[in-house]
Amino acid sequence: MKIKSYSKVLSALAISSLLLAACSNDTEKSSTKEKKGKDVEQVDTSLFPTKTTNQGEPIDGGHLTYGLVSDTPFEGILNKVFYQGDPDNQVITFFDEDLLDTDENYVFTNDGAASYEISDDNKTVTLTIKDNVNWQDGKPVTGADLEYAYLVLGSKDYKGVRYDEQMALIEGMEEYHAGKADSISGIKVDGKKITFTFKKANPSVTTGLWTYPLHKEYLSDVPIAKLESSDKIRKNPIGYGPFKVKKIVQGEAVEFEAFEGYHRGAPKLDSVTLKVVNPSVAVKSLENGDIDVASISADQFDQAKALDNVEILGKVDLAYTYIGFKFGHYDEKKAENVMDNPKFEDKRLRQAMAYAINNEEVGEKMYKGLRFPANSVITPNFKYNNKDVKPYEYDPEKAKKLLDEAGYVDTNKDGLREDPDGKEFKINFASMSGGDIAEPLTNYYIQQWQEVGLDVQMLDGRLHEFNSFYDLLKKDNEEVDIYQAAWGVASDPDPSGLWSRSAAFNYTRWVNDKNDELLAKGISEEAFDDQYRIDTYNEWQELIHEEVPIIPTLFRYTTTGVNKRVSGYDYLAERQYKWFNVGVTEEAK
Amino acid sequence: MWKFILRRFLVMIPQLFLLSIIVFMMAKAMPGDALSGQEINPRANPAELERIREDLGLNDPWYQQYIRWASNAVQGDFGISYTHKTPVMDVIEDRLWNTVFLALVTLIFTYMLAIPLGILSGRYNDTWVDKTVTGYSYIGFGTPIFIFALIMLFVFGFALDWFPSGGSVDSKVDEGTFAYVVSKINHLILPALSTALIATTSTIQYLRNEIIDNKIKDFVRTARSKGVPESNVYSRHILRNSFLPIAAFLGYEITGLIGGAVIIETIFSYPGLGQLFLSSVSLRDFSVVTAIVMMTGFATLLGTLLSDIILSAVDPRIRIE
């Protein structure tokens, strides 16, 4: 689950990068491409190593300082059921975890705190929690704890947004959610075992099932509506992860100590300090050893690269940037997308616009190589990404040809093309503000479209602030013809939430029968057969590529800096267990 | 005097009421709400978002929301922050003390610097001392705080490593101990000094100009001709009168600082009100936004009142009836 963050900083802070440049002795100009990761099977993702190279023996009593890079304090809602911002999630990662581990494709494995089994008809999932899995107060983690999480998530008093469609598929869940039942009939608990019965088999269960328990015994005396504001969540949280919360300085820092009873064994570090660092000083703090681990933004990447004491790890983020065309509106009554705007109905026009822009250069020049052309809307860290679909390559001649064919020609000789009826053809481009690159990037695209003769203008002549931008999209404002946005995608490969006929998030309002069919196939019972699912999504991606309802523009790397004294850090490990293996091989400084 | 103060307090009620309506309407006029951040979360079910909006009453017309909010607010309940999931007053309280301490230390530093410098440059006007001080205060006036604070941070926080580079306290020390207090102060010095060093301009200039004006006033000439020693002329006659505007501004200064120093707080990762305000606006956490505006509005009214009271206390010619 990923919520795209957006810039809240005063643009004034941009100046910090100048200062950083001035402060660091930037002598080494090595290309990042020289560093090849070990993980070569997924070609796209190997620009950076993902694990620390330090092979030394961790010292006893080691202490690590983790920099939570954020320009605001963390909110302190320290529970996965309730938290909202990513900073809180980073805190939770140290002391709590999900019951099931995942592999590199985000599919559940049996290596974690629990193992799972799916029945032959694919409708029943049984989780068995391992015997040595205990809460940090010594009480065992049981099936009832996981059931309690579902009872909270489905409750009327729950004000978060995590009640999702996968949950609604559990038998009796909708009845409970509607307040018609006191319990969920499809969930059966037997000590350390818990069984879920689904109304319908859905292969997304192997990636999307909620497996984060709540400590029922500890929390059940707090009314559900009060849980998120209670001290038991905010000040004295109890998890079953590798570290225990020792002390919290609200919004600023957390002190952790090792949890010796951790089910995978005692962690290699004795203690961890997590503290919030402002993005403008993150690299400086890494350099002088104040912090050992911190994420690095594209702005600061060059400075971080030059540091001797820091290793840079990177991975492809679960996100894609895209340019979307507006095809219609969302009919709230029918809960359905309706295509009633013919402006972009000719797919040659859409393809031409895709050929006209050079994303290779955008990634290289504007994002310093930290972004690269996207070939699809399924991110390349999934096996479901169709490697045979290639990104639209920059080819202005082809774009012009396609436009000519489609009848978009310059009839009044003003250098800009008219539509097939000979009328002026203007395209309004909506784009979001935030960060230094937003405006030059938007202008760059506009310029490239103008080069093939399309009259594209920034909507209202300016960028739009995040909330206003999504307000325009959501309400299908008629002024918006095309827009640039990004999606963070979940670890579940099913794209229905963004692409189906009924999806409110399908902001382009594009509907297509083949699309409906393939999306349904992707979550059908047959799709429990992985090859079938891969084939289905490959076909779906070909469809998207051919129809271009959106132009996928960029995939992105996220990078993190790790002090060279740190060992065992794995940036790819999504789940919390990554902290258990981490050690330090020498004292700080 | 008491009557006056009471009257001023009574006038505050309609003022705050008006402020609250304006703030509330403006907040509601912003596009989006506390849940729009979730609009881009593909796992968030749009129907669920609608249900939560309905539950929170975000779909009601603004005046209904306003009445609901206002009737709670007069009882001191500003609602729940959607982002922080906790009562607004708790969120604010966490930050308020940080901001108050920062404001106080900043104020002390500012006066510690500005008063001696203002006196020096007023007393020895047009000498090199005066020119240096005036030069400094103009540079301070012209320096943007975000650059200056970053330079201070890099010099004293990183290069020299004299002060911590962020936060309000070292997380390793325990609350209530002496080390805790020391750590708190240690974290305050750099941000406070950064603000103070360039916030001295107005105080220096006021003081300097007042002193220069007073030097040639009749009562000073009288004192000199009576044979009062020069140092007494300054301390008894000139300075007392010159401090009037400074004293009057104290009330405003305090409220200005309570509002929170957004930039300083952001640069030094210092969790205070200014930062909270900014992030609440961009996350559309309306309950926090309105509460902070109301609080600072109240503080401003209180500050002006305080200034008036100080003025009447130090200047016998001014009487409040």
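Quick caveat, the model's predicted, so the values are computed rather than measured.

1. Structural notes on the overall build of chain A
- In terms of regular secondary structure, chain A is built from 19 helices and 19 strands.
- Here the C-alpha radius of gyration of chain A, 25 Å, is about what a compact globule of 589 residues would show, namely 25 Å.
- Counted over contacts in chain A with a minimum sequence separation of 6, partners at least 24 positions apart contribute 68%.

2. Concerning the interface of chain A and chain B
- On the chain B side, the residues contacting the 56 residues of chain A number 47 residues.
- Elements represented by at least two residues in the side of chain A that touches chain B include exactly helix H1 (15–23), strand S6 (243–249), strand S7 (253–258), strand S8 (271–277), helix H10 (282–287), helix H16 (466–474) and helix H17 (496–499) of chain A.
- Looking at which element gives the most residues to the side of chain A that touches chain B, the answer is H16 of chain A, with five residues.
- Residues belonging to the side of chain A that touches chain B are distributed by class as follows: 26 nonpolar, 14 polar and 16 charged.

3. Regarding the domain arrangement of chain A
Residue and element names in this part refer to chain A.
- Each domain of chain A was delimited in the assignment, giving domain 1 (8–40 + 318–557), domain 2 (47–93 + 241–309 + 564–584) and domain 3 (114–226).
- Look at where the C-alpha atoms of domain 1 and domain 3 centre, and you get two points 37 Å apart.
- Domain 1 puts nine residues into the contact, and the matching count from domain 3 is seven residues.
- Looking at side-chain class alone, the side of domain 1 that touches domain 3 contains four nonpolar, one polar and four charged residues.

4. Some words on the UniProt feature "domain: Solute-binding protein family" (unreviewed entry) in chain A
- Look at the UniProt record and you will see "domain: Solute-binding protein family" (unreviewed entry) annotated at residues 113–502 of chain A.
- Secondary structure content for residues 113–502 of chain A is 26% helix and 22% strand, and the end C-alpha separation is 36 Å.

5. Considerations on the sheet that holds strand S5 (residues 193–197) of chain A
Residues and elements named next belong to chain A.
- Across the sheet, four strands lie side by side as S2-S3-S5-S4; this open sheet has antiparallel pairing. What marks the edges here is a single partner per strand, and that holds for strand S2 (114–118) and strand S4 (187–190). Here the average twist between neighbouring strands, direction ignored, is 15°.
- Pairing of S2 with strand S3 (residues 124–129), which is carried by five bridges, proceeds in the antiparallel orientation. In the sheet register, Ile-118 faces S3, and the bridge partner there is Val-125.
- In the packing of helix H3 (residues 143–153) onto the sheet, the strands contacted are S3, S4 and S5, and the crossing angle to S4 comes to about 155°.

6. Comments concerning the pairing of strand S17 (residues 550–563) of chain A
Residue and element names in this part refer to chain A.
- Extensive coverage of S17 is indicated by the burial of 13 of its 14 residues.
- Bridge analysis of strand S13 (residues 371–373) against S17 gives three bridges, and the strand direction is antiparallel. Each bridged residue has a counterpart across the sheet, and for Arg-371 the counterpart in S17 is Arg-556.

7. Some remarks on the packing of helix H12 (residues 273–282) of chain B against helix H13 (residues 286–314) of chain B
Residue and element names in this part refer to chain B.
- Running from N to C, H12 and H13 point in directions that differ by 140°, and their axes come no closer than 8 Å. Comparing their axes, H13 and H12 come out oblique. Considering the relative orientation of H12 and H13, their crossing is left-handed. Taking contact as the criterion, the partners of Leu-273, Leu-276, Phe-277, Ser-280 and Val-281 in H12 are, on H13, Val-288, Val-289 and Ile-292.
- Split into classes, the residues belonging to the contact of H12 with H13 amount to seven nonpolar, one polar and no charged.

8. Comments concerning the UniProt feature "transmembrane region" (unreviewed entry) in chain B
Residue and element names in this part refer to chain B.
- As recorded in UniProt, the feature "transmembrane region" (unreviewed entry) lies at residues 9–27, 96–117, 138–160, 188–207, 243–268 and 288–311.
- Annotated as 100% helix and 0% strand, the span residues 9–27 places its first and last C-alpha atoms 26 Å apart.
- Its end C-alpha atoms 27 Å apart, residues 188–207 is made of 95% helix and 0% strand.

9. Concerning the domain arrangement of chain B
Residues and elements named next belong to chain B.
- With domains assigned, chain B is organised as domain 1 (2–74) and domain 2 (96–314).
- Taking the mean C-alpha position of each, domain 1 and domain 2 sit 33 Å from one another.
- In this complex, domain 1 contributes 16 residues to the contact, which on the side of domain 2 involves twelve residues.
- Residues that form the side of domain 1 that touches domain 2 fall into these classes: nine nonpolar, five polar and two charged.

10. Remarks on helix H18 (residues 513–522) of chain A
- Buried within H18 of chain A are the following residues: Asn-515, Leu-518, Leu-519 and Gly-522 of chain A. Seen along its axis, H18 of chain A keeps its buried residues to an arc of 100°; they face one direction.

11. Quick word on the environment of Phe-196 of chain A
Residue and element names in this part refer to chain A.
- Counting through the fold element by element, Phe-196 comes out in strand S5.
- When the C-alpha positions of Phe-196 and Asp-290 are compared, they lie 46 Å apart, and in sequence the two are 94 residues distant.
- Among residues more than four places away in sequence, those in contact with Phe-196 are Thr-124, Val-125, Ile-170, Gly-186 and Ile-187.

12. A few points about the nonpolar core
- Ranked by size, the top nonpolar core spans 194 residues in total, and within it Ala-149, Val-152, Leu-274 and Ala-352 of chain A together with Ala-149 and Leu-153 of chain B carry the most contacts.
- Element by element, the count of residues in this core is highest for helix H4 (residues 88–123) of chain B, at eight residues.
- Sequence-distant contacts of Ala-352 of chain A, defined by excluding residues within four places in its chain, comprise Ala-399, Leu-402, Leu-403 and Val-452 of chain A.
- Ranked by size, the runner-up nonpolar core spans 24 residues in total, among them Ala-27, Leu-35, Ile-80 and Ile-92 of chain B.

13. Things to note about the pairing of S7 of chain A
All names here are of chain A.
- Bridge analysis of S6 against S7 gives six bridges, and the strand direction is antiparallel. Residue Phe-243 lies in a different strand from S7, and its bridge partner there is Ala-258.
- Between S6 and S7, which pair antiparallel one after the other, the connecting turn spans three residues, and Gly-251 there sits at a positive phi close to 80°.
- Relative to S8, S7 runs antiparallel, the two sharing five bridges. Bridging across to S8, Val-254 finds its partner in Leu-274.

14. With respect to the environment of Gly-561 of chain A
Residue and element names in this part refer to chain A.
- Turning to its location among the elements, Gly-561 is positioned in strand S17.
- The buried category is assigned to Gly-561, around which 28 C-beta atoms lie within 10 Å.
- For the pair Gly-561 and Lys-305, spaced 256 residues apart in the sequence, the C-alpha separation amounts to 8.8 Å.
- Once residues lying within four places of it in the same chain are set aside, the contact partners of Gly-561 are Leu-286, Ala-294, Ile-296, Ala-304, Val-310 and Ile-312.

15. Here we look at helix H15 (residues 438–451) of chain A
- Over its 14 residues, H15 of chain A runs 20 Å from end to end, which matches the ideal 20 Å to within 8%, given 1.5 Å per residue.
- Taken together, the buried residues of H15 of chain A touch helix H12 (347–355), helix H13 (359–366), strand S14 (426–430), strand S15 (455–458) and strand S16 (482–488) of chain A.

16. With respect to the environment of Leu-278 of chain B
- Mapped onto the secondary structure, Leu-278 of chain B falls in helix H12.
- As a C-alpha pair, Leu-278 of chain B and Ala-291 of chain B span 13 residues in sequence and 13 Å in three-dimensional space.

17. Observations concerning the confidence of the model for chain A
- Across chain A, pLDDT averages 86, with 92% of residues at or above 70.
- A low-confidence stretch, residues 1–43 of chain A (pLDDT under 50), is modelled with 73 contacts involving residues beyond four sequence positions or located in other chains.

18. Thoughts on unusual backbone geometry
- You will see that Tyr-106 of chain A, though not glycine, has its phi angle at about 65°, which is positive.
- Assignment of secondary structure puts Tyr-106 of chain A in the loop between helix H2 (86–95) and S2.
- Positioned with a positive phi, Asp-126 of chain B is a non-glycine residue whose angle comes to about 70°.
- Locating Asp-126 of chain B in the fold gives a position in the loop between H4 and helix H5 (128–142).

Calculation rules
- Residues numbered from 1 in each chain as written.
- Chains lettered and ligands numbered in written order.
- Predicted model: local features only at pLDDT ≥ 70, side-chain atom pairs only at ≥ 80, totals over all residues.
- Helix = DSSP H or I, 4+ residues; strand = E, 2+ residues; numbered from the N terminus.
- Rg over C-alpha atoms; globule rule 2.2 N^0.38 Å.
- Contact = placed C-beta atoms within 7 Å.
- Nonpolar A, V, L, I, M, F, W, Y, C, P; charged D, E, K, R; others polar.
- Domains from an automatic or database assignment.
- UniProt positions renumbered as here; feature names shortened; annotations may be inferred.
- Pairing = 2+ DSSP bridges.
- Axes fitted to C-alpha atoms, helices over the stretch in contact; angles between N-to-C directions.
- Buried ≥ 20, exposed ≤ 12 C-beta atoms within 10 Å, placed from the backbone.
- Parallel < 35°, antiparallel > 145°, perpendicular 65-115°, else oblique.
- Left-handed = near helix turned anticlockwise from the far one by under 90°.
- Arc of directions from axis to C-beta.
- Core = buried A, V, L, I, M, F, W, Y, C linked by C-beta atoms within 7 Å.
- Expected span 1.5 Å × (residues − 1).
- pLDDT = per-residue confidence, 0-100.

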